[in-house]
Amino acid sequence: MAEKAVWDTLRAQLPDDVVLAHSVQVRHGRAEHEIDILVLWPGVGLAAIEVKGGKISVDQGQWYQSDRQGKHRIESPIAQSQGSQHAFKDWVKDQIGSPLVSRFAYMAAFPYSDVPHDWEMAGVPRPLILDHDDLTDCRERLRAAIETQAQGGSSLAPKYAQRIIPLLSGDLEPTSDPSLSADELEDLQEHLTERQKVLLDCSRSIPRARFVGGAGSGKTWLAVEKAKRLAKEGKRVGLFCYNRGLAEHLRRQVAGWRQAKPVYVGEFHDYAVSLGVPNGHGQAYFDEDMPALMRDLAAGLPSDQKLDAIVIDEAQDFAPLWWKSLLGCLRDPEGGETYAFMDERQNVYGRWDSQSAGTALDPTGSLVTLHIDENLRNTKRIAQTFKGFAGKHFAPRGGDGLPVRLVPCSTDAAIDVAGDCVDALIDEGWANNQIAFLTTKNRHSIHKEFENDPVGYWKAFHDDDAEFYGHVLGFKGLERSVVILCVNGFKDMGRAAELLYVGLSRARCLLVVVGDPDLIAEAGGPEMAHAMDRMQKWQPELEPAAASSAS
């Protein structure tokens with residue numbers, strides 16, 4: 001804070017041709033030095049300024065600094081500055097090949113202290129100190145200190161200053177590899193997501209809760225972390241979801257734990273089968289008959305086979321009867337720990353209507369609702385595309401990221417055009433395993449190849465060796481660095497908005513939307529149309545070899 005205050009003051013008061021450098025690191029032999037603020041003033045000279053915040057005092061030659069931690073001894077700021085100045089001069093000589101003979105003052109700045117104008121101590125003339133009052137009008141004081149107190153006899157030649165500046169900036173041209181930019185964005189996303197654990201800390205005394213948040217708010221991470229904490233307490237925990245792909249993700253997350261693990265991780269239906277419920281056929285069986293049979297079976301389960309807590313990710317996918325049957329598997333169905341992580345606006349399976357959502361998703365009426373409003377898993381530009389679906393409290397917090405791209409084409413041509421996008425993105429430098437290709441209606445031909453091998457299909461995704469081809473419905477709760485959302489139609493326009501919401505929110509770093517803008521606007525409404533206006537219109541250009549193979 002003190003260094004910023006001095007920096008801002010110098011920037012505001014010194015001439016435009018003065019160069020300032022902050023935190024200049026210099027090695028002199030084995031010794032390491034740092035100049036808090038280095039001043040290069042063409043036509044005048046140089047100054048190395050050591051900045052000290054708090055209240056500065058001297059008692060019998062010993063320097064002290066008083067701050068929030070109390071009063072403590074410090075090295076002489078002038079001695080520090082002098083050592084840094086000598087090291088810098090030697091370093092510049094080695095780098096440029098000629099000595100630095102310009103006037104070069106070593107100084108100290110105390111922005112929160114007052115030093116009397118008649119104060120002086122051996123080896124520390126008062127002009128080498130800039131205190132609070134001096135900094136209010138420091139231009140002439142700094143110039144006078146350089147001209148009257150500095151070592152060296154000549155002013156700083158502008159050409160010599162220009163030879164020093166590149167040494168300070170350490171110019172390094174960035175690579176154009178987009179995957180490295182994605183790494184930085186995703187590291188930020190992971191950091192932001194881990195901060196969400198404060199929600200679990202604050203709610204640890206609430207035994208039954210539902211965490212309601214929009215896409216990208218870190219709900220899956222929180223669900224896994226909650227299950228980990230419960231298992232570590234020695235409780236029998238079940239970690240549930242609906243989608244097969246998400247179930248595999250949860251299992252892989254848990255597999256790496258060294259401590260206690262949940263007794264079950266995976267899909268609701270597989271759990272029912274593991275208890276002895278027959279694996280029947282048809283949606284009516286799975287939505288009604290299976291949970292009824294499971295509830296009857298749960299009534300007779302020995303206590304040591306029942307659960308102490310259940311954690312459900314993407315809980316809005318659960319039919320009402322599934323909830324009741326799961327509660328029956330708790331040792332204490334009325335008060336056993338229950339935690340649901342959900343987004344009510346992603347009701348893509350239509351298992352409840354908006355009016356009855358509260359009752360359907362909380363049949364006991366005992367879940368405390370906790371809201372998660374921040375989007376952390378997407379860049380701000382991606383989050384802005386689906387903000388209209390996520391509710392008025394939705395707050396993007398990720399990095400800015402790349403513009404969202406829109407590739408207009410007919411619905412019939414969407415799959416072929418989106419395929420060209422895959423090749424073009426790889427040509428740009430994206431790794432193929434960073435890309436997911438998601439359709440909204442008919443599946444891609446590569447997706448169809450796994451029709452009879454769902455286990456191998458999801459293993460391929462989680463092994464992360466190649467681009468992934470899937471459908472929006474199967475990708476709920478999952479994400480990749482790049483998503484190509486291929487809008488190739490909708491089987492039910494009544495659910496089109498929810499499908500768009502899911503598809504738009506699966507990309508962490510780059511989103512490419514391919515399809516008919518009129519159809520997309522019809523499905524998503526006016527806010528979606530406005531979001532498309534902000535997208536970057538893109539026509540994928542292929543390298544000759546890729547273009548040849550595509551044709």
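About the criteria used
Residues numbered from 1 in each chain as written. Predicted model: local features only at pLDDT ≥ 70, side-chain atom pairs only at ≥ 80, totals over all residues. Heavy atoms only, no water. Helix = DSSP H or I, 4+ residues; strand = E, 2+ residues; numbered from the N terminus. Polar contact = N/O pair within 3.5 Å; in protein donor to acceptor, adjacent residues only side chain to side chain. Contact = heavy atoms within 4.5 Å. Buried < 20%, exposed > 50% of the residue type's maximum accessible area, 1.4 Å probe, protein only. Lys, Arg positive; Asp, Glu negative; His and termini not counted. Salt bridge = Lys/Arg side-chain N within 4 Å of Asp/Glu carboxyl O. Phe/Tyr/Trp six-rings, centres within 6.5 Å; stacked < 30°, edge-to-face > 60°. Lys NZ or Arg CZ within 6 Å of the ring centre and 35° of its normal. Expected span 1.5 Å × (residues − 1). Axes fitted to C-alpha atoms, helices over the stretch in contact; angles between N-to-C directions. Parallel < 35°, antiparallel > 145°, perpendicular 65-115°, else oblique. Nonpolar A, V, L, I, M, F, W, Y, C, P; charged D, E, K, R; others polar.

## Remarks on the side chain of Asp131
Residue position: Asp131 is located in the loop between strand 8 (129-130) and helix 3 (132-135). Looking at Asp131, its side chain comes within polar contact range of the main-chain nitrogen of Asp133, at 3.1 Å. A polar side-chain atom of Asp131 sits 2.8 Å from the main-chain amide nitrogen of Asp134. Aside from chain neighbours lying at most four places away, what touches Asp131 is Phe110, Ser113, Asp114, Val115 and Arg126.

## Quick look at the environment of Asn433
Along the chain, Asn433 falls in the loop between helix 16 (414-428) and strand 18 (435-439). Taking the relative accessible area as the measure of exposure, Asn433 reaches 25% and is therefore partly exposed. Along the sequence, Asn433 and Leu327 sit 106 residues apart, while their C-alpha atoms lie 39 Å from each other. If we ignore the near neighbours within four places in the chain, the residues touching Asn433 are Asp464, Asp465, Ala466, Glu467 and Arg480. A polar contact of 2.9 Å, which involves the side chain of Asn433, links it to the backbone oxygen of Asp464.

## Things to note about the side chain of Lys226
Examined against the element boundaries, Lys226 turns out to sit in helix 8 (residues 219-232). No salt bridge is formed by the buried Lys226; its nearest oppositely charged neighbour, Glu337, is found at 5.2 Å. Ignoring sequence-local partners within four residues, the contact set of Lys226 consists of Leu200, Arg204, Val311, Tyr339 and Phe341.

## Considering the packing of aromatic side chains
In this structure the tally under the stated criterion is 25 aromatic pairs. Between Phe461 and Phe475, the ring centres sit 5.4 Å apart and the planes meet at 80°, which makes this aromatic pair edge-to-face. One end of the pair, Phe461, is in helix 18 (residues 454-463); the other, Phe475, is in the loop between strand 19 (468-471) and strand 20 (480-487), with 14 residues separating them in the sequence. In this structure Phe461 comes out as buried when scored by relative accessible area, which is 7%. Accessibility expressed as a relative area gives 0% for Phe475, which makes it buried. The positively charged end of Lys226 is found above the aromatic ring belonging to Tyr339, 4.4 Å away from the centroid. Directly above the ring of Trp538 sits Arg405, whose terminal nitrogen or CZ lies 4.5 Å from the centroid.

## As for helix 2 (residues 77-96)
Along its 20 residues, helix 2 runs 28 Å from first to last C-alpha, staying within 8% of the 28 Å computed at 1.5 Å per residue. Residues of helix 2 that are buried: Pro77, Ile78, Ser81, Ser84, Gln85, Ala87, Phe88, Val92 and Ile96. Gly97 sits one or two positions beyond helix 2 and adopts a positive phi of about 95°.

## So, the packing of helix 20 (residues 517-524) against helix 21 (residues 526-534)
Running from N to C, helix 20 and helix 21 point in directions that differ by 140°, and their axes come no closer than 6 Å. As the angle between them shows, helix 20 and helix 21 are arranged oblique. Two secondary-structure elements touch here, helix 20 through Pro517, Ile520, Ala521 and Gly524 and helix 21 through Pro526, Met528, Ala529 and Met532. Partitioning the contact of helix 20 with helix 21 into residue classes produces seven nonpolar, one polar and no charged.

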